[in-house]
Amino acid sequence: MYNRFRLVALATVSFAVLAPLWTQAAEDGKLEVFSWWTSGGESAALEALFATYKKQYPGVEIVNATVAGGGGSAARPVLQTRLAGGNPPDTWQSHPGYELLGQYVDPGYCEPVTDLYKSDGWDNAFPKELVINLMTKDRKIYAVLAGIHRGNVLWYNAKLLEKNGIKVGGQMTFDEFFAACDKLKEAGIAALGVGDSGIWTSAQLFENTLLGVLGPKDWTDLFRGTIQWDDPRVKQAMRLFAKMQNYVNPDHSALSWDQAIQQLIEGKVAFSSMGDWADGEFLKAKQKEKEDFGWVAHPGTSGSFIVVADGFALAKGAPHKEAAIAWLKSIGSKEAQEAFNPLKGSIPARTDVDRSKFDGYHQWSMDSFAKDKLVASCVHGEAAPAAFQQALNDAVTAFMVDKNVDNFANSLVQAAKESQSAK
Ligand code: GAL
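Residues numbered from 1 in each chain as written. Predicted model: local features only at pLDDT ≥ 70, side-chain atom pairs only at ≥ 80, totals over all residues. Heavy atoms only, no water.

### Observations regarding helix α17 (residues 386–402)
- The end-to-end C-alpha distance of α17 is 24 Å, a good match for the 24 Å that 17 residues give at a rise of 1.5 Å each.
- Of the residues trailing α17, K403 is marked for its positive phi of about 50°. (Helix = DSSP H or I, 4+ residues; strand = E, 2+ residues; numbered from the N terminus. Expected span 1.5 Å × (residues − 1).)

### With respect to helix α11 (residues 232–244)
- Taking 1.5 Å per residue as the helical rise, α11 with its 13 residues ought to reach 18 Å, and the 18 Å between its terminal C-alpha atoms agrees with that figure.
- Along α11, the residues classified as buried are V234, K235, A237, M238, L240, F241, A242 and M244. (Buried < 20%, exposed > 50% of the residue type's maximum accessible area, 1.4 Å probe, protein only.)

### Structural notes on the pattern of salt bridges
- Following the criterion strictly, the structure yields 14 salt bridges and no others.
- Here D367 and R355 are joined by a salt bridge, their closest N and O atoms 2.9 Å apart. Pair noted here: D367 is in helix α16 (residues 360–371) and R355 is in the loop between α15 (334–344) and α16, with a separation of 12 residues, a long-range link.
- On the basis of relative accessible area, D367 is assigned to the partly exposed category, the value being 38%.
- For R355, a relative accessible area of 33% corresponds to the partly exposed category.
- Through salt bridges with shared partners, a single network forms among K217, D221 and R224. (Salt bridge = Lys/Arg side-chain N within 4 Å of Asp/Glu carboxyl O.)

### Quick word on the site of the ligand
- Looking at the ligand, there are 15 residues lining it, with E42, H95, D310, K344 and H380 nearest.
- Between an oxygen atom of the ligand and a side-chain N or O atom of W36, the distance comes to 3.2 Å.
- Contacts to the ligand include D310, whose side-chain N or O atom sits 2.6 Å from an oxygen atom.
- In the complex, the protein chains occlude 100% of the 310 Å² of accessible area that the ligand would expose alone.
- Looking at the shell around the ligand, its residues break down into six nonpolar, six polar and three charged. (Near = heavy atom within 4 Å. Polar contact = N/O pair within 3.5 Å; in protein donor to acceptor, adjacent residues only side chain to side chain. Areas by Shrake-Rupley, 256 points an atom, 1.4 Å probe, with all protein chains shown as cover. Nonpolar A, V, L, I, M, F, W, Y, C, P; charged D, E, K, R; others polar.)

### Some words on the packing of helix α9 (residues 174–186) against α11
- The contact between α9 and α11 brings their axes to 12 Å, and the two run at 15°. Comparing the axis directions of α9 and α11 gives the class roughly parallel. For the pair α9 and α11, the crossing hand works out as left-handed. When α9 is examined against α11, the residues F174, F177 and F178 are found in contact with a partner set consisting of L240, K243 and M244.
- Residues belonging to the contact of α9 with α11 are distributed by class as follows: five nonpolar, no polar and one charged. (Axes fitted to C-alpha atoms, helices over the stretch in contact; angles between N-to-C directions. Parallel < 35°, antiparallel > 145°, perpendicular 65-115°, else oblique. Left-handed = near helix turned anticlockwise from the far one by under 90°. Contact = heavy atoms within 4.5 Å.)

### Digging into the layout of surface pockets
- In this structure, the largest pocket spans a volume of roughly 410 Å³.
- Around the largest pocket, the lining is made up of 17 residues, and of these L134, T220, V375, A376 and A383 lie nearest the centre.
- Secondary structure elements with two or more residues in the lining of the largest pocket: α7 (128–134), α10 (200–224) and β13 (373–376).
- Split by residue class, the lining of the largest pocket holds 10 nonpolar, three polar and four charged. (1 Å grid on protein atoms, 1.4 Å probe; cavity = no way out; pocket = protein on both sides within 12 Å on 5 of 7 lines; lining within 4 Å. Points joined across faces, edges and corners; volume = space filled by probe spheres on them.)

### Focus on the pairing of strand β1 (residues 30–35)
- Here β1 lies mainly inside the structure; five of its six residues are buried.
- With six bridges joining them, β1 and strand β2 (residues 61–66) adopt parallel strand pairing. The residue of β2 that forms the bridge with L31 is I62.
- Read as a crossover between parallel neighbours, the route from β1 over helix α3 (residues 40–56) to β2 is right-handed. (Pairing = 2+ DSSP bridges. Right-handed = clockwise from strand over helix to strand, strands pointing away.)

### Focus on the pairing of strand β10 (residues 269–273)
- Buried residues dominate β10, accounting for five of its five residues.
- Sheet topology places strand β8 (residues 153–157) next to β10; three bridges connect them, and they run antiparallel. Residue pairing for β10: Y156 is matched across the bridge by F271.
- Bridging between strand β9 (residues 190–192) and β10 involves two bridges; their strand directions are parallel. Counterpart to L192 in the pairing with β10 is F271.

### Observations regarding empty space enclosed by the protein
- Taken as a whole and assessed by the stated rule, the structure comprises three cavities of 30 Å³ or more.
- The computed volume of the largest cavity comes to approximately 100 Å³.
- Taken together, 15 residues make up the lining of the largest cavity; nearest its centre are W36, E42, G71, W277 and K344.
- Grouping the constituent residues of the lining of the largest cavity by class yields six nonpolar, six polar and three charged.
- By volume, the second largest cavity amounts to about 80 Å³.

### Concerning the confidence of the model for the protein
- Mean pLDDT over the protein works out to 93, with 93% of the residues at or above the 70 mark.
- For the stretch residues 1–27, pLDDT sits under 50, and the model shows 34 contacts to residues farther than four places along the chain or on other chains. (pLDDT = per-residue confidence, 0-100.)

### A short note on the nonpolar core
- Counting 78 residues, the largest nonpolar core has W155, W229, F271 and F408 as its most contacted members.
- Apart from residues lying up to four places away in sequence, W229 is in contact with F206, L210, L222, F223, V234, M238, F388, A409, L412, V413 and A416.
- Membership of the second largest hydrophobic core comes to 65 residues, among which are Y53, V67, W122 and M135. (Core = buried A, V, L, I, M, F, W, Y, C linked by side-chain atoms within 4.5 Å.)

Quick look at the structure:
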């Protein structure tokens, strides 16, 4: 198999000689990569992946198929239509867990990539628990990880907090968080920046808060079905989430996640609870760690790491299969992981990279990943089937209006039952 990849690298020099070995479509020398990485930080990081690929496999033209909308809210439906219509991109961004296995592998849209783990010596380079538990079906592996985000981070504008006499230590309780919010509110500042034009960001604020109340063990039990969605502690998290709404910027529903981070940068809001793709926006805006912005685990979640991993899958019937396999080899290479992740905010999925190439935030996140409890994200498609993920978004939308904890809890109890029986 290795030799076939070498052919891709050589394609520009001796295309005529190699042409008969290529599939028909590969002869146009293209590669279509599908993702939703369009914000400033996201697209800078994606470009770094492209640059690495072009260096490693010159002569392939990359078609950058992005559909804007954080969290893939708009991209995933477009992708489903394409896959169902037999018009797949060569490779696409996917979260491991239910999203990868349930939406793409089960319906037969993916080719396994197990051989790459052998040919490229990856068996020990990637975290086994993710690869085996969330990316493998019938002993076949179906994706390559570009990086691993942490979902439960509370970012803050360091100067704004200082100005308002608010100190943040190594971790934060809900009481400390609300005390800071009250202080900011008194000073006329919207404490908590949200951009939920895509409702997933509020769902994520709830997800982070839920972990803060439950802790990692009960989180896992909740998604296993041994704790119910109307458990008193789940309801407690719902009440805390409702309380947070008192401190949110009034224009939240008009903003995207990255516009909310922009407001934080500009000092219009003080905090934002967001996955560490936010770090990509700080870097893009040349913000300095500690001086301009800081971070702490979302209240109550210190010691837990919500994994939001970004993988790429290989389409069955990929129009440019050789180039797509080369893409997967490339993003799994140390070179690509060291180029991409410092810009994206994620940590490299490979555990054998040069740590000195990463800044303070990444060091913090790498340490946390190594020692903390890892839990799967529901909002980002890992912990539950797509139908439940959607039900959570819908329930959050309704809750933002009626603030009715019983309705919120009951709709999730119902959705969990339905997704259990649909499995
Ligand atoms: C997540 C994805 C991240 C980041 C974020 C915001 O689902 O894993 O890479 O792009 O959405 O768009």
